[in-house]
Amino acid sequence: MEQHGRKKEHMSWSLRRFDQDFEGRNPEILNLEEDSMLSAPKMLYGTAWKKERTHELVVAAVRSGFRGIDTACQPKHYREDLVGTALEELQTKHNISRKDLFIQTKFTSLDGQDPNNIPYDKNAPLKEQVIQSVNKSLSNLKTDYIDSLILHSPMRSMSDTLTVWRTFEEFHGKRVVRQLGISNCYRLKELEAIYDAAKVKPAVVQNRFYPATQWDQDIRRFCIRNNISYQSFWTLTANPDILASTPIKSISTRLSISPEQAMYGWLSRIGVTPLNGTTNTNHMREDLDALEKASEITPEEISLINSFLQRSRTSVLLGPH
């Protein structure tokens, strides 16, 4: 999870469309924008590591204004079942319908599962593991469809990755899943290979946003070219230098917001959809408010942040400027 004061942030993503960058987009590309006409949350609430507090925190997040929730069929780090009970309470007690929420979950391979708590038959063929995992997610979430289904990380081989993807595509074809994506994909050539092979193109890439990968600048450029949403996790925790930078502090002071809010606003301006796993209800509201202030961050301030990063021998500026 990620908080103001802030520990780990949850892994997850949200759809964001960058109209300024997609004037020449390919109409043949299948993605959720045309395929399901879903809403596009600018920030998702992440549920990793919330354990027994998952239910109460999901309810609090939605009541604070979040409309996108990220989870996974991975009991090692997520209580997907408690996300489901939270969705049920939101419907029955707070009149917030499932159809008004964007729910994302993931298939996690055996490599990422607790060997003592695997949510599918570990001895089944890979395709059957995926089918069992998706069906378990539908049961846990108490829903008959999933807005976004993510491969938690590429498989050990491209052949296995495509076996998973083809199975995802079958669920997409049956309208059980509205869009597909991949997480923890840090090699551009691997992402390009998946994209080229896919019939239903990835609609989102969800990655750790941190200096070791130069903030995925090449991958994000690929995403912009191909109308793929880029979602960040570990966004605040991995970037203390950016949070403490003079440009972020200047934005914080000018707009009377926290440095964390200023960073979320900057990310929104450059076309990154951050995940947020705060457990503090005040911060939930504040961070959502920061997205409303993103338009007040000037091109000059974005350039100053980029200059700061260039002085650190890295530039991550993408998006409108």
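How each quantity is defined
- Residues numbered from 1 in each chain as written.
- Predicted model: local features only at pLDDT ≥ 70, side-chain atom pairs only at ≥ 80, totals over all residues.
- Heavy atoms only, no water.
- Salt bridge = Lys/Arg side-chain N within 4 Å of Asp/Glu carboxyl O.
- Buried < 20%, exposed > 50% of the residue type's maximum accessible area, 1.4 Å probe, protein only.
- Helix = DSSP H or I, 4+ residues; strand = E, 2+ residues; numbered from the N terminus.
- Polar contact = N/O pair within 3.5 Å; in protein donor to acceptor, adjacent residues only side chain to side chain.
- Phe/Tyr/Trp six-rings, centres within 6.5 Å; stacked < 30°, edge-to-face > 60°.
- Lys NZ or Arg CZ within 6 Å of the ring centre and 35° of its normal.
- Pairing = 2+ DSSP bridges.
- Axes fitted to C-alpha atoms, helices over the stretch in contact; angles between N-to-C directions.
- Contact = heavy atoms within 4.5 Å.

Caption draft 1: How the structure looks around the pattern of salt bridges. Applying the stated criterion across every chain yields a total of 11 salt bridges. We note a salt bridge from Asp 100 to Lys 99, for which the minimum N-O separation is 3.5 Å. For Asp 100, a relative accessible area of 37% puts it in the partly exposed group. Judged by relative accessible area, which is 63%, Lys 99 ranks as exposed.

Caption draft 2: Up close: the side chain of Ser 148. Position of Ser 148 relative to the elements: it lies in strand S4 (residues 148-151). On the basis of relative accessibility, which here comes to 0%, the residue Ser 148 falls in the buried class. A distance of 3.1 Å separates the side chain of Ser 148 from the side chain of Gln 179, its partner in a polar contact.

Caption draft 3: Representation of the packing of aromatic side chains in the model. Per the stated rule, a full pass over the model turns up 6 aromatic pairs. Measuring from centroid to centroid gives 5.8 Å for Tyr 210 and Trp 234, while their planes differ by 65°, and the two rings are edge-to-face. With Tyr 210 in the loop between strand S6 (204-208) and helix H7 (217-225) and Trp 234 in the loop between strand S7 (229-233) and helix H8 (240-243), this residue pair connects regions lying 24 residues apart in the sequence. Under the relative-accessibility criterion, Trp 234 is labelled partly exposed at 26%. The ring of Tyr 210 is capped by Arg 208, whose NZ or CZ atom sits 5.3 Å from the centre of that ring. Arg 220 extends its terminal NZ or CZ atom over the ring of Tyr 230, reaching a point 5.9 Å from the ring centre.

Caption draft 4: Representation of the side chain of Gln 217. Its location among the elements puts Gln 217 in helix H7. Engagement of the side chain of Gln 217 in a polar contact is seen with the side chain of Gln 214, the distance being 2.9 Å.

Caption draft 5: Spatial organisation of the sheet that holds S7. Read around the closed barrel, 8 strands run S1-S2-S3-S4-S5-S6-S7-S8, paired in parallel fashion. Taken over all neighbouring pairs, the strand axes of this sheet differ in orientation by 25° on average, direction set aside. Where strand S1 (residues 44-46) meets strand S8 (residues 273-276), 2 bridges bridge the pair, whose relative direction is parallel. Residue Leu 44 lies in a different strand from S8, and its bridge partner there is Leu 275. Where helix H4 (residues 126-141) meets the sheet, its contacts fall on strand S3 (102-107) and S4, and the angle it forms with S3 comes to roughly 145°. In the packing of helix H5 (residues 158-173) onto the sheet, the strands contacted are S3, S4 and strand S5 (180-183), and the crossing angle to S5 comes to about 150°.

These figures capture arrangement, not role.
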